[in-house]
Every structure is written in structure tokens, then in C-alpha cells.
Amino acid sequence: MTPSPSDSPAVLHTVALAQPFTDQKPGTSGLRKSSQRFATPHYLESFVEASLRVLPGVAGGTLVLGGDGRFGNLAAIQTIARMAAAHGVARLITTTGGILSTPAASHLIRQHQAVGGVILSASHNPGGPEGDFGVKINGANGGPTPESITDAIYETTLSLDSYRILEAAPLPLDQPGSHVLEEMTVEVIDGVDDYAALMRRLFDFDRLAALLKGDFRFAFDALHAVTGPYAARIFEGQLGAPAGTVRNGVPLEDFGGGHPDPNLTYAHDLAALLLEGDAYDFGAACDGDGDRNMILGRRCFVNPSDSLAVLTANATLAPGYAEGLAGVARSMPTSAAADVVAKALGLPCFETPTGWKFFGNLLDAGRITLCGEESFGTGSNHIREKDGLWAVLFWLQILAVRNCSVAEVMTDHWQRYGRHYYSRHDYEAIASDAAHALYSRVKGQLPALVGERFAGRSIALADDFAYTDPVDASVSEGQGLRLLLDDGSRVVLRLSGTGTQGATLRVYLESYVPPSGALNQDPQLALADLISAIDALAEIKERTGMDRPTVIT
Ligand code: VG1
Ligand code: CO
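Procedures and definitions
Residues numbered from 1 in each chain as written. Chains lettered and ligands numbered in written order. Predicted model: local features only at pLDDT ≥ 70, side-chain atom pairs only at ≥ 80, totals over all residues. Heavy atoms only, no water. Helix = DSSP H or I, 4+ residues; strand = E, 2+ residues; numbered from the N terminus. Expected span 1.5 Å × (residues − 1). Buried < 20%, exposed > 50% of the residue type's maximum accessible area, 1.4 Å probe, protein only. 1 Å grid on protein atoms, 1.4 Å probe; cavity = no way out; pocket = protein on both sides within 12 Å on 5 of 7 lines; lining within 4 Å. Points joined across faces, edges and corners; volume = space filled by probe spheres on them. Nonpolar A, V, L, I, M, F, W, Y, C, P; charged D, E, K, R; others polar. Axes fitted to C-alpha atoms, helices over the stretch in contact; angles between N-to-C directions. Parallel < 35°, antiparallel > 145°, perpendicular 65-115°, else oblique. Contact = heavy atoms within 4.5 Å. Donors = N, O, S within 2.8 Å, 3.2 Å for Na, K, Ca; no water. Near = heavy atom within 4 Å. Polar contact = N/O pair within 3.5 Å; in protein donor to acceptor, adjacent residues only side chain to side chain. Sits in = over half its atoms within 2 Å of the grid points.

Draft legend 1. Quick peek at helix α2 (residues 43–54). With 12 residues, α2 extends 17 Å between its outermost C-alpha atoms, agreeing within 8% with the 16 Å of an ideal straight helix rising 1.5 Å per residue. The element α2 is largely enclosed, with a buried count of 11 among its 12 residues. Those residues of α2 lying buried are Tyr43, Leu44, Glu45, Ser46, Phe47, Val48, Glu49, Ala50, Ser51, Leu52 and Val54.

Next comes the structure, spelled out in C-alpha cells:
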């Protein structure tokens, strides 16, 4: 019999740290490091201690805890539960098997008025002992904490000399139940139930069921990550899609050895199924922690920037958005496709830096309803994270109501609003020094570039993007190097804040064609002149030693 934690005497320990860790600066979304780094004694505890000290309301409050099922998830939940008890958390909500997607966690935080949550995930990065692990701290609104909090957490880690933890028997996480860890109650709940109920409130499940039970062929790839149980319950269980619709649906600690990243490179099996054959009408995949989505139609890839624009243009087809939208926001490197729709609909449109935390203030203030990023992230005011399955359901809703194919939706969209040819080129795991030297060099050249020729156009603006939050006036600088050309085309350079090996350079390319222009080109060809011009300017091939990007989206 597993001993119940309440049966064994709990002892509070203050564990001394020989010296603080200096590498716990949270990136674009939380602290993300190799599993090996996280295996360093006291490493996880140090970051969690700092977070529990900084997050407002921890003592006496409710905390949500769970993760994407990767290697280290269950052990970390046990550790963090004992630390939460030592910090006076009154109520801890965690899930069976420790399985909790990022969007479902965001929803639980809001639903239970928690002070925040700890989400264990390195998102789309590979997992396993040789892969990555991560800790994301979300706040009371259900979203990633703002920079003021993440900066304070980092500062705290730099001078940390001890952490507090309770010694207690492990919590049984194999089934729902209530437990006690000293003064703290622990509720182990099913991580899918509440999320599925929320989706049912936003979309017309009867209509979706009619679609999925008909001759519409749908393939969903969970990539052996967290969305498997959610997708199986919703698509197959509640909407009646045929068994087998959800592929790779069992979460594995190492995601079956794959990259749980829904793009054409890492979700290639699904991409091949949809783009090279005619057996399926619709395909979708989500990432490790369930906040990203890739949408595919028969022989049709939907660029994520376009996806946001399509959702904006068709939002009122979903019951949850039937009243219309307050506004829309996109991250700076995301194409301006949504801006064009917003303008046509008379909606406010915002451009934020990369990372979901910047959308939180706009959502909380009711200034926007939808938001998205080019990196396969779309979401709305229903939670404060991007939401992979929500986007898939939204697309299904549009297809069900309009009764047409994905390709028809796209063609119709471009004929109406014009097309933003768009691509992101990632140069992953390049030497850190080379990446930073390349970046600083271009940054140094920016002021002199205005008015210069570039890919046959003239450079109208060259800057390092800075953002002033329209809600709280906080300023975030250094968010990416932008070259805006006089015809509205654009090239952006950024260094990734989520990688764990060396540095990753992202090159974002965009060029607009009005409805009267050529709408059916291959994006790589349509952008070819921008691609070679930025290579010449930034000396990408030469300085990275790479002939081509590792990932092209
Ligand atoms: C990447 C994406 C960014 C996204 C972030 C977190 O960041 O580009 O748009 O918000 O991942 O996504 P970066 O700094 O590597 O470019 V996830 O799915 O980790 O929560
Ligand atoms: Co993610």
C-alpha cells in the first residue's frame, strides 16, 4: 500500500546552498535548460524557492501545478509540492499523472482564483535525460508573469543561500483524490475535464460532431506529448471522430525521441500525409505543452500568421465570439495579415514583442479578444496562454459552418485581403559567439541603413524594436532588429530566448501582394530576393558556417 502523505510525520527543512546558481535567468517562457542541468542537486529547488518568494500571495493561496509529461515531470511535482507546503500554500491543485497542458493550466489558475501556477515544460524542445526540462511560472491572471516578476525571480536566485522544503512521503498521483501535506490540502484532479468543458462553451460541439462523424477525414498528431489525452477525449470521445484520428496520443517522457514541435520539419509524418496525398481533409498537430498548433488542409499548409488573420476574419462563426472582437494583437515578427483584416473590420490592432506575456495586459484590460504569433501560437481571452487545441477546434468550426476546404478558405481570404508571403528561417544551435557577433554587427549598422537599397527597394525604417505597453506604460527594449522597406516588405532578425544549445538566429521575411497580385507563388520564391539580400547584409552563411537554415517555415 502506498503510504498516504498524511500518515507520515512531515519535517520542515531549510537546506543551505553552498553557492547560488547564476544561470537561472528566465527566457521567452520560463527557465529552460538541459535535463542534465536540472539534475544538478538543488538546481530545481533554487528556482522554485525564488519563485515562491517573489510570486505575490503564495502563503495562504492556491497554486496550480503540472506539466507536459516529459522526463523529470513527476519527480519535480513531488519536490515542488513539498516546497509549496513549506511556503504556506493553502491549497495545491495538481493532476493525475502530473499531465497538464499549458492552456489547461492557465484555465485552472483562473477558474480556481489561484495566485499562480508552476508548469513543468520545455515546450517544443525535445525531452528525456538527454533533452530539455523547464519551469514556467504563471501569475494570477493565468498567464506568464511579466518581466518585473521574472527579473525579481532571477535577482533572488543570484543571492539565494537556502530553500525550504518539507520532508514527506510522495503524493499518490495515479488517481484523483484529496490529500494533506501538513497545513496544505492537495487536490489531484483530472487535467482534461475542465479544459474540455471550456472548449464546449466556446464552440458548437453538435456541429463539430456532425462534421467529424461524416466523411470529413481528420488526422491529429499529438507527437507523443501532452495533448494526446486532451485530443482523444475531445475529438474521439466527445465529438465522435473515428478511433485513430489522434496519432501518437500517449505522452512519453522523451516524446518518442522526436521534437514535439508542430512544424513542417518536426511534424513531417503528418505534413507528408496532408501535403503529399489526398486521403485527408484536415490535419493538425500541437507541441510538447499543448500551446502551439499547426493547421494543414489537403495539399495546403496554413502559415500561422495567416491563421490568426483567418480566425479574426471568421471569428463570429464560433459561438464564443459571436458578439464580435474587441481587438486583435500579434507579435512583432508575425506578418501583418491580421492587421489588414482588423483594419477592414474597424478593430484595434496591437504589435507586441515576442512571447505571450505581452498579450496578457491587453487581454486583461479587454482591449483585445484574439492574439497570435508566427511561431504556431494563437489564442484568445478565454485564457492567458496560447492554445493549440482551441485553434484546431476554431478551424473545425469555420470549416463546418462554411462547408468548404482549407485551401478554399485561404484562397478566398487572399482574394479579399491580399496575401502576406511569409517565412521564418531558423539557424539552430550555432556558436553563441558567432551569433552574437553577427547580431551586434547588424544592430550597429541600423542607423546608417535608412534610405539604402535592399532587394531592389529602399529601406524606410531600421531599428531595434522597443515596446511601450499601452496598459501599464512599461517599456521593453531590444526585441528584434527590423528592416522595413518602402513597399511594406520586411525582414526581422532575432536571437531565440528558448534554445538551450548555443544560439538560434531567427530570420523573418515578409512581403505583401494585394488581391490583384500573384497570389499563388511558392513563398520561398516570392521571398527569394529578400532572402539573398539579408544573407549579404548580415553575412549569415559566412558567419554561421551554415549553407541553409535548419528549419524553414
Ligand atoms: C519561441 C517563439 C515565440 C514563443 C516562444 C514560446 O521563442 O519564437 O514566438 O512565444 O518560443 O513558445 P524564441 O525566443 O525561441 O523565438 V512555447 O510553445 O515555448 O511556450
Ligand atoms: Co509550447
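Draft legend 2. Region of interest: empty space enclosed by the protein. Following the criterion strictly, the structure yields two cavities of 30 Å³ or more and no others. Empty space within the largest cavity amounts to approximately 260 Å³. Lining the largest cavity are 25 residues, and of these Thr28, Arg292, Glu373, Lys386 and Thr498 sit closest to its centre. Its volume calculated, the second largest cavity comes out at about 140 Å³. Together, 15 residues line the second largest cavity, and Ser29, Gly30, Ile137, Pro144 and Thr150 are the ones closest to its centre. Among the elements of the structure, β6 (132–138) and α5 (147–158) are those that each provide at least two residues to the lining of the second largest cavity. Tallied by class, the residues present in the lining of the second largest cavity amount to five nonpolar, seven polar and three charged.

Draft legend 3. The arrangement of the packing of helix α13 (residues 388–402) against helix α14 (residues 406–417) in detail. It is at 10 Å that the axes of α13 and α14 come closest, and there the two elements cross at 85°. When the axes of α13 and α14 are compared, the pair comes out roughly perpendicular. In contact with Trp395, Leu399 and Arg402 of α13, α14 contributes Val406, Val409, Met410 and Asp412.

Draft legend 4. Expanded view of the coordination of the cobalt ion (ligand 2). Bound to the cobalt ion (ligand 2) on the protein side are Ser123 (OG), Asp287 (OD), Asp289 (OD) and Asp291 (OD), at distances that span 2.0 to 2.1 Å. Sequence spacing among the residues donating to the cobalt ion (ligand 2) works out to S-x163-D-x1-D-x1-D. One end of the pair, serine 123, is in the loop between β5 (116–120) and β6; the other, aspartate 291, is in the loop between β12 (282–286) and β13 (293–297), and 168 residues separate them in sequence. By the burial criterion, serine 123 is buried, and aspartate 291 matches it.

Draft legend 5. The arrangement of the site of ligand 1 in detail. Around ligand 1 lies a shell of 20 residues, among which Ser123, Ser375, Ser496, Thr498 and Arg506 are the nearest. The separation between an oxygen atom of ligand 1 and a polar side-chain atom of serine 123 is 2.5 Å. Between ligand 1 and glutamate 373, the relevant distance is 2.7 Å, taken from an oxygen atom to a side-chain nitrogen or oxygen of the residue. More than half of the atoms belonging to ligand 1 lie within 2 Å of the grid points that define the largest cavity. Of the residues contributing to the shell around ligand 1, the split by class is no nonpolar, 10 polar and 10 charged.

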